[in-house]
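# Examination of the molecular architecture
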Amino acid sequence: MNTGLRHLWNGGKIGFINNTKTKMQVQKKPQNRKSILSLLFVTLLINMIGFSMIIPIKPQLIMNIISGNLSDAAQWGGYLLFGYAVGQFLMSPIMASLSDKYGRRKVLLFSILASCIDFLIMAVADNIGSFLLARVFSGIFSATIATVNLCVVDISEPQKRAVNFSVVNSALGLGLMVGPFLGGTIGDIFGIKVPLIAGAMLFLINLGLVYFFIPETIKQKKCQKLRWHEFLPLKVFIKLKATALPFQLLIASLLYQISFHSFTAIWSYYMIAKFNWGVKEIGGSLLAVGLSNFFVQNVVARYLIPKLGAKKTFFIGVSFAIPAFYLYAVVNVEWLVYVTILLGSLGALMRPCLRGIMSSYLSYVDQGSLMGGITSISGMALIIGPIVMTQTFSVFQNESYALDMSGAPFLVSFLMSIIATIFVFWAFSKKKVAIQNMA
């Protein structure tokens, strides 16, 4: 075969291979955004169900291990959350940056596996020290929620981001509805530690879901070498301070999250002290919380945010969340607890709107830093909030007062959320221009 024919033959062969590859690529259609959002929703839902199964059983679980009373259990509950929070605060910026470099999917898998190991350790632990070590370990690798939110940023157009945040994060409310109810029911029937084993099994299922069905969402991974000292929490905040993001919004986010820990840290202890509820009653009340929050984030938010915009919808949420804290502090009739839950559920509008607003001030390449900063704020809130709320509850529960003061942590949240709202007004008065249109 002469040179010309060989060249023609090789060219035809190469062309045939390229054409074949092209056809194969065309046949392999990428998943659309809606299907990925649905999968992210399910991932967050399973994660939250597993994570929240421990809530109704935690007081009795801790009392059994330490052989103490409710006040002692509340104190140790605060210490356990503190250990989790310290790990999350120190490591969350690093985990977010690792997802920028190595991909969201790998970090998500690693985080879910860590949660599974955490629950298995707690299921076999017979002393409070082992519990504390398990919580610290889980906090260090607790990047599931932050990574899912980064995936939402990756696949969302700026004007749809707040709505997508709300839809995906409504899984938190739904998980909070199902998880405690399952945990309380399983714990009541089969034993106080069985919900921990069930939770570990759910994390294993979630691991398989992510591994087999969720694709990598990041558009372009960072290639530069990681400089670990740059990912300390303080460094992340300094980097965000240099952007167009009003720093007052980060402070407000911290204060809001601390205030919401009056609910997450002491709800079970408070309802035992106030109404002598058991694990089933506590699980049932959290079922109402989850259901109402799910409705707000999936129905109300999807209607209000496009119609009114993220800012106005945010303030609607604030106007219901603040009075709810006060009502929780003074409620003395059981059915009024459920009325307050319904009113306070509109506060669920706040988080996705505030997150979407903050996201709009930053370019796409800075979104990882923002999510690392938000997760660090969550860690700071977990460090401060549970300790403040559980110790406040413990002090007022131990002392004898003319009035019932066990709701004091909710009054702290009431005042703190008012201060946070003042910071939001201050941020908006700066009139910094958002980079992306949030509508």
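In this text the structure is predicted, and so the values were computed from the model without any measurement. (Residues numbered from 1 in each chain as written. Predicted model: local features only at pLDDT ≥ 70, side-chain atom pairs only at ≥ 80, totals over all residues. Heavy atoms only, no water.)

### Thoughts on the side chain of threonine 340
Residue placement: threonine 340 occurs in helix H14 (residues 334–344). Reaching out from threonine 340, the side chain makes a polar contact with the backbone oxygen of leucine 336 at a distance of 2.9 Å. Sequence-distant contacts of threonine 340, that is, excluding residues within four places in its chain, are made with Ala324, Leu327 and Tyr328. (Helix = DSSP H or I, 4+ residues; strand = E, 2+ residues; numbered from the N terminus. Polar contact = N/O pair within 3.5 Å; in protein donor to acceptor, adjacent residues only side chain to side chain. Contact = heavy atoms within 4.5 Å.)

### Details of the packing of helix H13 (residues 310–330) against helix H15 (residues 350–360)
For the pair H13 and H15, the least separation of the axes is 8 Å and the interaxial angle reads 145°. Of the two elements, H13 crosses H15, and the hand of that crossing is left-handed. Along its contact with H13, which presents Ala310, Lys311, Thr313, Phe314, Gly317, Val318 and Ala321, the element H15 presents Met350, Cys353, Leu354 and Ile357. (Axes fitted to C-alpha atoms, helices over the stretch in contact; angles between N-to-C directions. Left-handed = near helix turned anticlockwise from the far one by under 90°.)

### Structural notes on unusual backbone geometry
We note that serine 67 has phi near 55°; this positive angle belongs to a residue other than glycine. Locating serine 67 in the fold gives a position in the loop between helix H3 (58–66) and helix H4 (70–102). Overall, serine 67 belongs to the exposed group, its relative accessible area being 66%. The backbone of asparagine 276 shows a phi angle near 60°, a positive value even though the residue is not glycine. (Buried < 20%, exposed > 50% of the residue type's maximum accessible area, 1.4 Å probe, protein only.)

### Description of H13
Here H13 is 21 residues long and its end C-alpha atoms lie 31 Å apart, about the 30 Å a rise of 1.5 Å per residue gives. Within H13, burial applies to Ala310, Thr313, Phe314, Gly317, Val318, Ala321, Ile322, Ala324, Phe325, Tyr328 and Ala329. One face of H13 carries all of its buried residues, which in axial projection span an arc of 165°. Considering only its buried residues, H13 is in contact with helix H11 (247–275), helix H12 (279–308), H14, H15 and helix H17 (408–429). (Expected span 1.5 Å × (residues − 1). Arc of directions from axis to C-beta.)

### Topic: the packing of aromatic side chains
Two aromatic rings are characterised by how far apart their centres lie and by the angle between their planes. Per the stated rule, a full pass over the model turns up 20 aromatic pairs. Consider the rings of phenylalanine 263 and tyrosine 328, whose centres lie 6.0 Å apart with planes at 55°: the pair is tilted. One end of the pair, phenylalanine 263, is in helix H11; the other, tyrosine 328, is in helix H13, and 65 residues separate them in sequence. We note that phenylalanine 263, like tyrosine 328, is buried. (Phe/Tyr/Trp six-rings, centres within 6.5 Å; stacked < 30°, edge-to-face > 60°.)

### Observations regarding helix H2 (residues 33–52)
With 20 residues, H2 extends 28 Å between its outermost C-alpha atoms, agreeing within 8% with the 28 Å of an ideal straight helix rising 1.5 Å per residue. Across the 20 residues of H2, 14 count as buried, placing the element largely inside the fold.

### Here we look at the environment of glycine 385
Tracing the backbone through its elements, the reader meets glycine 385 in helix H16 (residues 367–398). Separated by 307 residues in sequence, glycine 385 and glycine 78 have C-alpha atoms that sit 8.7 Å apart. Sequence-distant contacts of glycine 385, that is, excluding residues within four places in its chain, are made with Ile258 and His261.

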